[in-house]
Amino acid sequence: MRFVVSNGPGWNLLIKNVNHEDAGLYECQIQTEPMQQRFIRLNITEAYSVIPGGPDLHVKQGSSLRLECQLMAAAESPSYVFWYREARMINYDNEPGVRFELKRNGSVFVVEKVKLSHGGNYTCLPSNARPAHIVLHVIEEEEKSAAMHGGNRRNSTASTSTNTILTLMALLIIEASHFIEHYIRKYIISSRTNLAMKSRRKADLITRKIMQISLRSRNNYRTEDTSGQEWCTGRGSLLTLESKTAAGVAWSLILTSVSANYHKIRE
């Protein structure tokens with residue numbers, strides 16, 4: 001029977017294996033004159049259990065393992081807690097290095113040295129709470145090494161990609177510098193050309209002015225040959241020398257000076 005009434009030191013109602021159907025209003029009566037009665041409302045909260053670290057737990061082969069089944073919202077300690085690997089109960093297997101400890105608020109499952117056979121789906125089932133589940137994954141040493149090598153390959157790939165990007169950036173910078181240098185050089189050459197053209201025009205203008213001044217200084221002239229014997233004749237401030245040869249030399253010096261200034265300006 002799930003309902004038991006005891007009478008000492010008072011009258012008590014004991015309900016075993018409480019479920020949701022036991023919820024409701026309860027009345028306690030004492031047959032006296034007048035009759036005494038007391039009402040109590042019973043609310044049922046369903047206890048549940050949890051296994052910290054779930055739903056998946058990864059452990060290395062050869063390491064120790066401790067799984068704890070904790071009761072939540074439980075009004076009393078469990079009478080028992082059964083552990084299952086897949087669908088098989090393992091509490092009574094007596095496996096070396098494996099033990100179970102019943103606690104006030106649950107149970108503890110301990111494995112001193114994990115094997116590959118310990119992997120699987122574990123369930124803890126308390127007597128007074130909903131069960132909890134966890135999946136145990138056992139990692140082999142070879143798998144760990146392979147994972148490490150895979151990580152190294154990924155790191156190597158990432159490093160190669162980074163080096164490629166840096167190389168491309170360096171090439172772009174070099175190409176851009178050549179492009180800028182080309183246009184700067186072109187600008188300098190253009191500037192020099194414009195300056196030379198301006199200087200040449202200025203020299204031509206000066207030469208024309210000097211020639212005009214020299215021509216105005218002569219009333220008349222004639223040229224016979226270039227031997228220097230009778231180069232030119234005429235009157236004026238510049239050609240008043242008595243010797244025709246001397247006048248030709250003076251006129252030659254003027255033209256030479258003008259030509260030298262003209263070339264100097266062009267340079």
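Higher on the page you've got the structure.
Residues numbered from 1 in each chain as written. Predicted model: local features only at pLDDT ≥ 70, side-chain atom pairs only at ≥ 80, totals over all residues. Heavy atoms only, no water.

J.: Could you clarify how one ought to interpret the pattern of salt bridges in this entry?
T.: Oppositely charged side chains are able to pair whenever their charged atoms sit close together. If you walk through the whole model with that rule in mind, you get six salt bridges. The partner of Glu101 in a salt bridge is Arg99, and the shortest N-O contact between them spans 3.1 Å. Of the residues examined, Glu101 reaches a relative accessible area of 24% and is grouped as partly exposed. Look at the salt bridges and you will find they share partners, linking Arg99, Glu101, Lys103 and Glu112 into a network. (Salt bridge = Lys/Arg side-chain N within 4 Å of Asp/Glu carboxyl O. Buried < 20%, exposed > 50% of the residue type's maximum accessible area, 1.4 Å probe, protein only.)

J.: What exactly am I supposed to notice about the nonpolar core here?
T.: Nonpolar side chains tend to gather and get buried jointly when the protein is soluble and globular. Residues Ile51, Leu65, Leu67, Trp83, Phe109, Tyr122 and Cys124 are the most contacted members of the largest nonpolar core, which totals 18 residues. Secondary-structure elements contributing two or more residues to this core are strand 7 (65-72), strand 8 (81-85), strand 11 (106-111), strand 12 (120-126) and strand 13 (132-139). Residue contributions to this core peak at four residues, all from strand 13. Apart from residues no more than four positions distant in its own chain, Leu67 is found in contact with Ile51, Leu57, Trp83, Ser107, Val108, Phe109, Tyr122 and Ile134. (Core = buried A, V, L, I, M, F, W, Y, C linked by side-chain atoms within 4.5 Å. Helix = DSSP H or I, 4+ residues; strand = E, 2+ residues; numbered from the N terminus. Contact = heavy atoms within 4.5 Å.)

J.: So what exactly am I meant to see when it comes to the state of the cysteines here?
T.: Where two cysteines share a covalent bond between their sulfur atoms, that bond is called a disulfide. Per the stated rule, a full pass over the model turns up one disulfide. Two residues, Cys69 and Cys124, share a disulfide whose sulfurs are 2.1 Å apart. Its torsion about the S-S bond being 65 degrees, the disulfide of Cys69 and Cys124 is classed as right-handed. Of this pair, Cys69 sits in strand 7 while Cys124 sits in strand 12, and the two are 55 residues apart along the sequence. (Disulfide = S-S within 2.5 Å.)

J.: Hey, could you run me through the packing of aromatic side chains in this one?
T.: Taken as a whole and judged by the stated rule, the model has four aromatic pairs. Ring centres of Trp83 and Phe109 lie 5.5 Å apart, and the angle between their planes is 35 degrees; on these two criteria the pair is classed as tilted. Pair noted here: Trp83 is in strand 8 and Phe109 is in strand 11, with a separation of 26 residues, a long-range link. Residue Phe109 is classed as buried on the basis of its relative accessible area, which comes to 0%. Relative to Tyr122, the ring of Phe109 has its centre 5.5 Å away and its plane inclined at 35 degrees; by these criteria the two rings are tilted. Here Tyr122 lies in strand 12 and Phe109 lies in strand 11, a separation of 13 residues in the sequence. With relative accessibility at 0%, the residue Tyr122 sits in the buried group. One aromatic cluster is present, formed by Trp83, Phe100, Phe109 and Tyr122 through successive ring pairs. (Phe/Tyr/Trp six-rings, centres within 6.5 Å; stacked < 30°, edge-to-face > 60°.)

J.: Can you help me understand unusual backbone geometry in this one?
T.: With the exception of glycine, the majority of residues adopt a negative phi angle, and the majority of peptide bonds are in the trans configuration. Cis peptide bonds are those with omega within 30 degrees of zero, and the linkage from Glu33 to Pro34 qualifies with -5 degrees. One can find Pro34 in the loop between strand 3 (24-30) and strand 4 (36-42). With an omega of 5 degrees, the peptide bond running from Gly54 to Pro55 counts as cis. Positionally, Pro55 belongs in the loop between strand 5 (48-50) and strand 6 (56-60).

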